[in-house]
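Structural overview
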Amino acid sequence: MNNKTIAFLELKYGNIYGGYPNFYAISEIALLVFEYGSNKIFLESWINNANVDIVTVTSKTNELGHTVGRVKEVFNMKTGRRRPYDEEFKLSEEDLQEEFRKLRPSKMPIKNFLIKNFRKYRFMDIVVFDGRRDVFLCERSGANFGHYNIIDLQKDFNKETDYLFSLNKLAVVANFELDRSYLRTNNLEYWLHPIAARQIVPKSAAYDAARLMMVFNEWHLHHDDFLIKAQLLLNRIQVTKAADSGDDD
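Just so it is clear, the model here is predicted, and its values are computed rather than measured. (Residues numbered from 1 in each chain as written. Predicted model: local features only at pLDDT ≥ 70, side-chain atom pairs only at ≥ 80, totals over all residues. Heavy atoms only, no water.)

Points about the overall build of the chain
Selection criterion: Numbering goes from the N terminus for both helices and strands, where a helix is a DSSP run of H or I of at least four residues and a strand is a run of E of at least two. Computation of the radius of gyration draws on C-alpha atoms alone. For the globule rule, the value is 2.2 Å times the number of residues to the power 0.38. Residue exposure (1.4 Å probe, protein chains only): buried if accessible area is under 20% of the type maximum, exposed if over 50%, otherwise partly exposed. The contact criterion used throughout is that any non-hydrogen atoms of two residues lie within 4.5 Å. As used throughout, the charge tally considers Lys and Arg to be positive and Asp and Glu to be negative, leaving His and the chain termini uncounted. Charge coordinates come from a single atom per side chain, which is NZ of Lys, CZ of Arg, CG of Asp or CD of Glu.
Summing up its helical and strand segments, the chain has eight helices and eleven strands in all. For 249 residues, the compact-globule estimate of 2.2 N^0.38 gives 18 Å, and the chain sits close to it at 19 Å. Seen along its three principal axes, the alpha-carbon backbone of the chain occupies a region of about 55 × 55 × 35 Å. Scored against the burial criterion, the 249 residues of the chain give a buried share of 44%. At a minimum sequence separation of 6, the contacts of the chain that also span at least 24 residues come to 66%. Taking the average place of the 34 positive charges on the side chains of the chain and the average place of its 34 negative ones, the gap between the two points comes to 7 Å.

Written out as structure tokens, the structure is:
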């Protein structure tokens with residue numbers, strides 16, 4: 001694995017507020033590139049500044065990474081403002097077409113961002129997490145993934161463990177920690193350039209890309225240890241669920 005380079009792709013997206021539930025707009029893209037051997041990390045980010053309201057869904061998790069609730073909010077990509085979601089709200093067809101019009105100019109920057117960074121860094125493997133929609137949305141903007149090997153960590157881990165882990169749970173398994181200019185997990189520690197470190201803030205695509213990279217490396221480089229810790233976490237979740245069920249009796 002000497003100086004092999006691998007990429008990690010994460011997107012943030014949501015459907016237009018008041019629009020079709022199956023049409024998604026990309027709000028953020030993070031492409032994190034890791035070089036084995038040197039442990040160098042390169043992070044490229046793109047943020048959509050279109051003045052469009054999208055619906056975001058955020059998982060609320062407990063200390064085990066288990067989802068205990070979901071929060072739906074309305075997020076304006078230009079201002080960054082959030083406000084409560086009203087499920088009764090619907091845009092008129094005319095207003096919806098106006099939102100599509102405002103989104104159209106972002107298609108070319110997304111394509112250019114991906115093509116530029118695919119050329120800039122030499123990698124053949126792109127790791128995603130439950131990333132079928134991520135890849136589809138990038139392809140819809142004109143990016144071509146035909147020459148790359150797409151590795152879906154959630155699918156591969158599910159095949160091995162027969163359990164559908166979330167990235168939140170796997171980050172707990174890995175004991176992920178961001179400490180200013182360092183990414184740390186159970187067995188790994190990598191230094192971040194300050195420019196990259198500034199981009200990695202919780203709930204961002206860059207943060208998820210960093211978690212994905214650390215989880216992937218723990219799984220690959222410390223495989224048996226990671227599987228044992230994953231099983232221990234599942235045991236703790238089952239014990240907690242059983243205790244909560246007992247409280248309801």
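Description of the sheet that holds strand E1 (residues 5–15)
To keep it simple, the criterion reads: For two strands to be treated as a pair, DSSP must find no fewer than two bridges joining them. Whenever a helix is involved, its axis is fitted only over the stretch in contact; in every case the axis is a line through C-alpha atoms, and angles between N-to-C directions fall within 0 to 180 degrees.
Spatially, E3-E2-E1-E7-E8 is the arrangement adopted by the five strands of the open sheet, whose pairing is mixed. With partners counted over all chains shown, the strands left at the sheet margins are strand E3 (40–47) and strand E8 (149–152), one partner each. With strand direction ignored, the average angle separating the axes of adjacent strands in the sheet is 25°. The pairing of E1 with strand E2 (residues 24–35) spans eleven bridges and is antiparallel. Counterpart to leucine 9 in the pairing with E2 is leucine 31. The strands touched by helix H4 (residues 153–161) within the sheet are strand E7 (125–128) and E8, with E8 carrying the most contacts at an inclination of about 55°.

Topic: the environment of leucine 43
One can find leucine 43 in strand E3. Between the C-alpha atoms of leucine 43 and asparagine 117, which are 74 residues apart in sequence, the distance is 9.9 Å. Each residue touching leucine 43, except ones within four places of it in the same chain, is listed here: Ala30, Leu31, Leu32, Ala196, Gln199, Ile200 and Ala206.

What to know about the nonpolar core
Defined as follows: Nonpolar core, defined: a set of buried Ala, Val, Leu, Ile, Met, Phe, Trp, Tyr and Cys residues in which side-chain atoms within 4.5 Å join the residues together.
Core analysis: the biggest nonpolar cluster contains 44 residues, and Phe8, Leu32, Phe34, Met213 and Phe216 have the highest contact counts within it. Listing elements by their share of this core, those giving two or more residues are E1, E2, E3, H4, helix H5 (167–174), helix H6 (194–199), helix H7 (205–221) and helix H8 (223–248). If one sorts the elements of this core by residue count, H7 sits on top with eleven residues. If we ignore the near neighbours within four places in the chain, the residues touching phenylalanine 216 are Ile6, Phe8, Tyr36, Val127, Ile151 and Leu153. One finds Ile29, Val33, Tyr121 and Ala143 within the second-largest nonpolar core, a separate group that totals 23 residues.

As for the environment of leucine 91
Inspection of the secondary structure assignment puts leucine 91 in the loop between strand E6 (82–84) and helix H1 (93–103). Looking at leucine 91, the relative accessible area reads 21%, which means it is partly exposed. Separated by 75 residues in sequence, leucine 91 and isoleucine 16 have C-alpha atoms that sit 9.3 Å apart. Not counting residues up to four positions away in its chain, the partners in contact with leucine 91 are Ile16, Tyr17, Gly18, Leu96 and Glu99.

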